Every structure is written in structure tokens, then in C-alpha cells.
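# Coordinate inspection notes
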Amino acid sequence: MKIIKEISEMHEYTAKLKKRGHSTGFVPTMGALHEGHLSLVDRASAENNKIIVSIFVNPTQFGPGEDFDKYPRPLKKDLKMLKETRKVDCVFTPDRDMMYPPGAASYVTLENEMANVLCGASRPGHFKGVTTVVAELLNIVKPDRLYLGQKDAQQALILSKMIKDLHYNTEAVICPIVREKDGLALSSRNAYLTPEQRDTAPILYKSLQMAESMVELGERSAETIKKEIRRKIKESGVEIDYVEIAGTEDLAPAEIIAGNVLIAAAIFVGKTRLIDNTIIKI
Ligand code: AMP
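None of these values were measured; they are calculated from a predicted model. (Residues numbered from 1 in each chain as written. Predicted model: local features only at pLDDT ≥ 70, side-chain atom pairs only at ≥ 80, totals over all residues. Heavy atoms only, no water.)

### Notes on the pairing of strand β6 (residues 171-175)
For a regular strand, side-chain orientation follows a simple rule: the groups alternate between the two sheet faces. Stated formally: Any two strands with at least two DSSP bridges between them are considered paired. In DSSP terms, a helix is any run of H or I states spanning at least four residues, a strand is any run of E spanning at least two, and both are numbered starting from the N terminus. Whether a crossover is right-handed depends on one test, that the path from the first strand over the helix to the second runs clockwise when the strands point away from the viewer.
Across five bridges, strand β5 (residues 145-149) lies against β6 in parallel orientation. Pairing of Tyr147 across the sheet is with Val173, part of β6. Running through helix α7 (residues 153-165), the crossover from β5 to the neighbouring parallel element β6 is right-handed.

Have a look at this one:
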């Protein structure tokens, strides 16, 4: 498994892969890897013959006062984990100055409501950071396929749109959410939870499951479902950031459950912000 830090070396490496006719799958991450990340590697490995993973904690997607400084960076452990999969050919680990050289002032932004709702409403500027760093990474890695998790549903939608709008020659592949046995979606941020908070955290998934049952039983009012989700979360003493039901294409708020809708929520367990979602297809 090759470890590359320099952008110029990455350009050379990917050019060589192209010349030799390899198909490439790319999994961008911020490290602190878990089975969710590895599921993307597995999928990429099933569909491509060369796999590239990036590890970069992207400063531009964190707002002031967010957890950029304390975000876990267990690089050695991550590299060991990736090596042990025997599926990863190259790990790209650029540093901050390489991705954002002093004086860099160019950004990629999705300028419509999709970037301003749900997580975009609570984290202003977050998606500008995400689209910018992924645009950079796509320019550097030039993969045939880009692997993204449904865990970050809004991010996956926004990046798929960016790829289409800007004619990147890459296919976005969105992979299912990997969960703990009790339903908690795997996240690098779960490491922040105290044992007590960890016991409370599955309320997020449980409330989404309750919403799914409500729809199965015939409930079609988005407002009623959101109210019930909020009630259930509040009961457990957890603070709600948002609970939204939106169209899966444009993230426009849905009033009625019909077609494909995304039910997404974010909560604060202590200071830790957790997100989760489910897609309902009727
Ligand atoms: P991150 O390191 O948090 O930026 O995540 C890197 C990629 O892994 C993103 O595409 C995430 O959506 C995906 N991911 C994170 N957690 C999970 C999970 N529990 N299941 C599936 N994919 C995930």
C-alpha cells in the first residue's frame, strides 16, 4: 500500500494507472476510520481494480467553535486498518498547506437551497468547504468512481450534483449506512461520547425507525411525523438540532409523504453533534 503526501506524486501515480488501463475507485475520508469507511472501501474494491483512499481533516468544512482542533487524527492506526483490508492500493495524506496553499482564494460552492437547509442551516459554510475539498481531490485523483456514504445524505446529494453540474468524469456511488448493533450509525464522532451518552445516542435511530413505522401504518403528514420524532428525542433528554423531511432530489421541505422522501435529523448528545437519516420510498 503506497502512501502519498505530495499532490505532484499523486498526479504521476494516477496518470500511470490510467495509462495502464486500470479503473480507479476513490474513498475520501477525514480519518479516524471505522467499519463505515471500510464498507466504502469494500464496495470500491468490488467495482474497480485500483483503490485510493484519502485522509485529510478539511479545515474549511468546520465552522468557528466546531471540533476541528479536537477531531481525532489516529493516522498510524488508520493506515494499519487500511493495510489490513488488503484492498487499498494508495492512501493520499496531504497536509493543510498543500490543499490550501497560502493565498489560495478559490472555492467551489453549490449556490442553491440544497446547501442551506438541514445541516447547511446549522453549519453555515460547511458545504462550501465540502464541495471545495472534494473538487480539489477529484482534480488530483481523477477517479472513475467516487464512494460516498448515505450517512451524510445531504453531502452525498450535493456532491453528486456538483459532479454533474461541473462535468467531472466520475460516477458517484452512494453506499448504505453501517450501524452498531443497537442502531447507532458509526461515526468518528461517536468516540467523543461518555458511556452514559453512548447509551442515549441510539435514540436518534430509534426515532427514525418509529417514523418508518408511522408511514407503514399509513401516516402521510410530514408535520405529524416530525412532531413525533421530536417528542421521542426530547423524552430522552437530548437536545435537537433539526428534524426535517425533504424531497430526495432537491431537499425541498415535504409536507406530504409521497414518492421518495428523506427523513433526516441532527441531535446534540452533550456537546457531540450526531446525524442520521432514512429514505422512505412509497
Ligand atoms: P468522514 O470521514 O466522516 O468525512 O466520512 C468519509 C465517508 O465515509 C463519507 O462519504 C461518509 O458519508 C462515509 N461514512 C461515514 N460514516 C459512515 C457510516 N456509518 N456508514 C457508511 N458510510 C459512512
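### Structural notes on the packing of helix α6 (residues 126-141) against α7
The packing of two helices is summarised by the inter-axis angle and the distance between the axes. Using the following cut-off: Every axis in this analysis is a line fitted to C-alpha atoms, fitted for helices over the stretch in contact. Angles between the N-to-C directions lie between 0 and 180 degrees. Every angle not falling under 35 degrees, over 145, or within 65 to 115 is termed oblique; those three ranges are roughly parallel, roughly antiparallel and roughly perpendicular. Should the near helix be turned anticlockwise from the far one by less than a right angle, the crossing is left-handed, and should it be turned clockwise, the crossing is right-handed. Throughout, a residue-residue contact means that at least one pair of heavy atoms, one from each residue, lies within 4.5 Å. The nonpolar class holds Ala, Val, Leu, Ile, Met, Phe, Trp, Tyr, Cys and Pro. Asp, Glu, Lys and Arg form the charged class, and all remaining residues, Gly among them, are polar.
Where α6 meets α7, the axes come as close as 10 Å, and the angle between the chain directions of the two elements is 50°. By the angle class used here, α6 and α7 are oblique. Classified by chirality, the crossing of α7 by α6 is right-handed. The residues of α7 that touch α6, namely those facing Phe127, Val130, Thr131, Val134, Ala135 and Leu138, are Gln154, Gln155, Ile158, Leu159, Met162 and Ile163. Each residue belonging to the contact of α6 with α7 can be placed in one class, and the counts come to nine nonpolar, three polar and no charged.

### Quick notes on the sheet that holds strand β9 (residues 272-281)
In space, the three strands of this open sheet follow the order β7-β8-β9, with antiparallel pairing throughout. Strands at the two margins of the open sheet, each flanked by one partner only, are β7 (239-247) and β9. Strand-to-strand twist across the sheet, computed as the mean angle between neighbouring axes with direction ignored, equals 10°. Sheet analysis places strand β8 (residues 260-269) next to β9, joined by 10 bridges and oriented antiparallel. When the bridges of β9 are listed, Asn260 appears paired with Lys281.

### Side note on the packing of aromatic side chains
Counted only if it meets this: Only Phe, Tyr and Trp rings take part, Trp by its six-membered ring, and two of them pair if their centres are within 6.5 Å. Stacked means planes under 30 degrees apart, edge-to-face means over 60, and tilted covers everything else. Each residue's exposure class comes from its accessible area (1.4 Å probe, protein chains only) as a fraction of the maximum for that residue type: buried when under 20%, exposed when over 50%, partly exposed otherwise. Our definition puts a charge over a ring when NZ of Lys or CZ of Arg is within 6 Å of the ring centre and also within 35 degrees of the ring normal.
One pass over the structure, following the stated rule, counts three aromatic pairs. For the ring pair Phe62 and Phe68, a centre distance of 5.3 Å and an interplane angle of 65° mean the geometry is edge-to-face. Across this residue pair, the class does not change: Phe62 and Phe68 are buried. By the ring-pair criterion, three or more aromatic residues cluster together here, those being Phe62, Phe68 and Tyr71. If you follow Arg73 out to its NZ or CZ, it ends over the ring of Phe68, 4.8 Å from the centre.

### Quick look at the domain arrangement of the chain
Short version of the rule: How far each domain reaches was decided by an automatic or database domain assignment. What gets called buried area is simply the loss in accessible area from a 1.4 Å probe that two parts show on being joined, summed for both.
Each domain of the chain was delimited in the assignment, giving domain 1 (2-175) and domain 2 (188-274). Here domain 1 and domain 2 have C-alpha centroids that lie 26 Å from each other. Residue-level contacts link 19 residues of domain 1 with 13 residues of domain 2. Roughly 1400 Å² of surface becomes buried between domain 1 and domain 2 when both sides are summed, with 60% attributable to carbon and sulfur atoms.

### Overview of the site of the ligand
Quick note on the threshold: Only a single heavy atom is needed: when it lies within 4 Å of a molecule or strand, its residue is near that molecule or strand. Counting of polar contacts relies on pairs of N or O atoms within 3.5 Å, with two restrictions inside protein: one atom must be capable of donating a hydrogen and the other of accepting it, and residues adjacent in sequence are counted only when both atoms are side-chain atoms. Note on areas: these come from Shrake-Rupley sampling with a 1.4 Å probe, and a residue is covered only by the protein chains present in the view.
In the vicinity of the ligand there are 16 residues, among which Met30, His37, Asp152, Val178 and Leu186 approach most closely. Within the backbone of Gly149, one N or O atom sits 2.9 Å away from an oxygen atom of the ligand. For the ligand, a nitrogen atom lies 2.9 Å from a polar atom in the backbone of Leu186. Relative to its unbound accessible surface of 490 Å², the ligand loses 93% to contact with the protein. Listed by contribution, the elements that provide at least two residues to the shell around the ligand are β2 (24-29), α2 (35-47) and β5. Here the residues of the shell around the ligand sort into eight nonpolar, six polar and two charged.

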